[in-house]
Amino acid sequence: KEYVSNMQNPAKALCVNVSGGVDSSLVSVLCSMTGLRTIALSLPLRSKPENHNLSIKHQEWLKKRFKNVECHVINLDSVYESFKKTLSKFDHELGLVNSKARLRMVTIYQVAAKNEGLVVGTGNAVEDFAIGFFSKFGDGAVDISPIGDLTKTEVWSLAEHLEILDEIIKAEPTDGLWESQTGHTDVAQIGLTYPELEKAIKNPEDKNHQKYLEIRKKNLHKMLPIPVCKMDD
């Protein structure tokens, strides 16, 4: 709220993608608590039913508690299918996974543009700023990051404090971007649980510290400024 009030041209809305996960659920609540107009978007894109159902349940939960919240469901299946067909010569599984996140990003920014709003990020300190577990120019492309200084453990704790739906807090963390979720939960992709990661980040003597450094090094290009080639005078 302070950030918005200090803008040269203050935003008139806060726009957030509500995926059904605890991070986005927490961020949407924090946005709602500002009293500013909050637009909570559910953006199904070849989503598993259980993930989409949680996003809808959270939208309903928000509307019951805050008068400044409006919720929309924008299905991106047909957009994605058209994109995939158009680029069939360049079919690549991981590329398409990241493209899903980018299609959602484009959608949120379009909604924000229409409503003179800010796109609010849902990444936490571990994912976005320690190991780079996000899609470059996808879910990492935001205007402000309210929980970017919170560990996943702290996110869970604050979510409990704010009485977010228990089934969301206890759900297995997943990015929801893969065609098959088998083997693609956060833990499966990262190779460590969030508590294990947090210990490894804080303690250089931890048994998983080297693995954390390897993950971070691999994704560091997402977290550093874009390299600029300097020309000689």
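Residues numbered from 1 in each chain as written. Predicted model: local features only at pLDDT ≥ 70, side-chain atom pairs only at ≥ 80, totals over all residues. Heavy atoms only, no water.

Peer 1: It is not clear to me how the overall build of the chain should be interpreted in this structure. Could you clarify?
Peer 2: Scanning the chain for helices and strands turns up 11 helices and four strands. The globule rule puts the C-alpha radius of gyration for 233 residues at 17 Å, and the 18 Å found for the chain is close to it. In terms of overall dimensions, the chain has a C-alpha envelope of 50 × 45 × 45 Å along the principal axes. Within the chain, contacts between residues separated by at least 24 positions form 71% of all contacts whose residues are at least 6 apart in sequence. In the structure as shown, the chain presents an accessible area of about 13,300 Å², 54% of it carried by carbon and sulfur atoms. (Helix = DSSP H or I, 4+ residues; strand = E, 2+ residues; numbered from the N terminus. Rg over C-alpha atoms; globule rule 2.2 N^0.38 Å. Contact = heavy atoms within 4.5 Å. Areas by Shrake-Rupley, 256 points an atom, 1.4 Å probe, with all protein chains shown as cover.)

Peer 1: Just to check I follow, could you spell out the pattern of salt bridges for this structure?
Peer 2: Where charged atoms from two side chains of opposite charge approach closely, those side chains can pair. All told, the structure shown has nine salt bridges when counted by the stated rule. Between Glu127 and Lys152 there is a salt bridge, with its nearest N and O atoms 3.9 Å apart. One end of the pair, Glu127, is in helix α6 (residues 125–129); the other, Lys152, is in helix α7 (residues 152–161), with 25 residues separating them in the sequence. Its relative accessible area of 8% is what places Glu127 among the buried residues. Residue Lys170 pairs with Asp166 through a salt bridge whose shortest N-O separation is 3.1 Å. Taking the relative accessible area as the measure of exposure, Lys170 reaches 66% and is therefore exposed. (Salt bridge = Lys/Arg side-chain N within 4 Å of Asp/Glu carboxyl O. Buried < 20%, exposed > 50% of the residue type's maximum accessible area, 1.4 Å probe, protein only.)

Peer 1: I keep staring at the side chain of Asn98 and nothing clicks. Help me out?
Peer 2: When you line up the elements, Asn98 lands in helix α5 (residues 93–114). Side-chain polar atoms of Asn98 contact the side chain of Ser135, separated by 2.7 Å. (Polar contact = N/O pair within 3.5 Å; in protein donor to acceptor, adjacent residues only side chain to side chain.)

Peer 1: Mind showing me how you'd approach the packing of aromatic side chains here?
Peer 2: We describe a pair of aromatic rings using the distance from one ring centre to the other and the angle between the two ring planes. Under the criterion given, the structure shown has one aromatic pair. Summarising the aromatic geometry, the rings of Trp156 and Tyr194 are spaced 6.3 Å apart at their centres and angled 85 degrees between planes, so their arrangement reads as edge-to-face. One end of the pair, Trp156, is in helix α7; the other, Tyr194, is in helix α10 (residues 194–202), with 38 residues separating them in the sequence. Looking at Tyr194, the relative accessible area reads 2%, which means it is buried. (Phe/Tyr/Trp six-rings, centres within 6.5 Å; stacked < 30°, edge-to-face > 60°.)

Peer 1: Can you help me understand the sheet that holds strand β1 (residues 13–17) in this one?
Peer 2: Taken together, the four strands give an open sheet; going across it, the order is β3-β2-β1-β4, and neighbouring strands pair in parallel fashion. For this open sheet the edge positions go to β3 (69–73) and β4 (117–119), each flanked by a neighbour on one side alone. Going from strand to strand, the sheet's axes swing by 25 degrees on average, the running direction of each strand aside. Pairing of β1 with strand β2 (residues 38–42), which is carried by four bridges, proceeds in the parallel orientation. Across the sheet, Val16 pairs through a bridge with Ala40, a residue of β2. Strand contacts of α5: β1, β2 and β4, with the helix running at about 160 degrees to β1, the strand carrying the most contacts. (Pairing = 2+ DSSP bridges. Axes fitted to C-alpha atoms, helices over the stretch in contact; angles between N-to-C directions.)

Peer 1: Looking at this structure, how should I read helix α11 (residues 209–223)?
Peer 2: Residues lying three or four places apart along an α-helix face the same way, a consequence of the helix completing one turn every 3.6 residues. A maximum bend of about 40 degrees is found in α11 at Lys217. All buried positions along α11 are accounted for by His209, Tyr212, Ile215 and Asn219. Each element contacted by the buried residues of α11 is listed here: α9 (186–190) and α10. (Bend = angle between axes of the 7 residues up to and from the residue.)

Peer 1: Would you explain the nonpolar core in this entry?
Peer 2: Soluble globular proteins tend to bury their nonpolar side chains together. Among the nonpolar cores identified, the biggest contains 38 residues, and Ile131, Ile164, Ile190 and Leu197 are the most heavily contacted of them. Those elements that place two or more of their residues in this core are β1, α2 (22–33), α3 (49–65), β3, α7, α8 (166–169), α10 and α11. At five residues, the largest contribution of residues to this core is made by α2. Dropping the residues within four chain positions of it, Ile190 is found in contact with Ile131, Phe133, Leu197, Lys211 and Ile215. Among the nonpolar cores identified, the runner-up in size contains 14 residues, and Cys15, Ile108, Val111 and Val119 belong to it. (Core = buried A, V, L, I, M, F, W, Y, C linked by side-chain atoms within 4.5 Å.)

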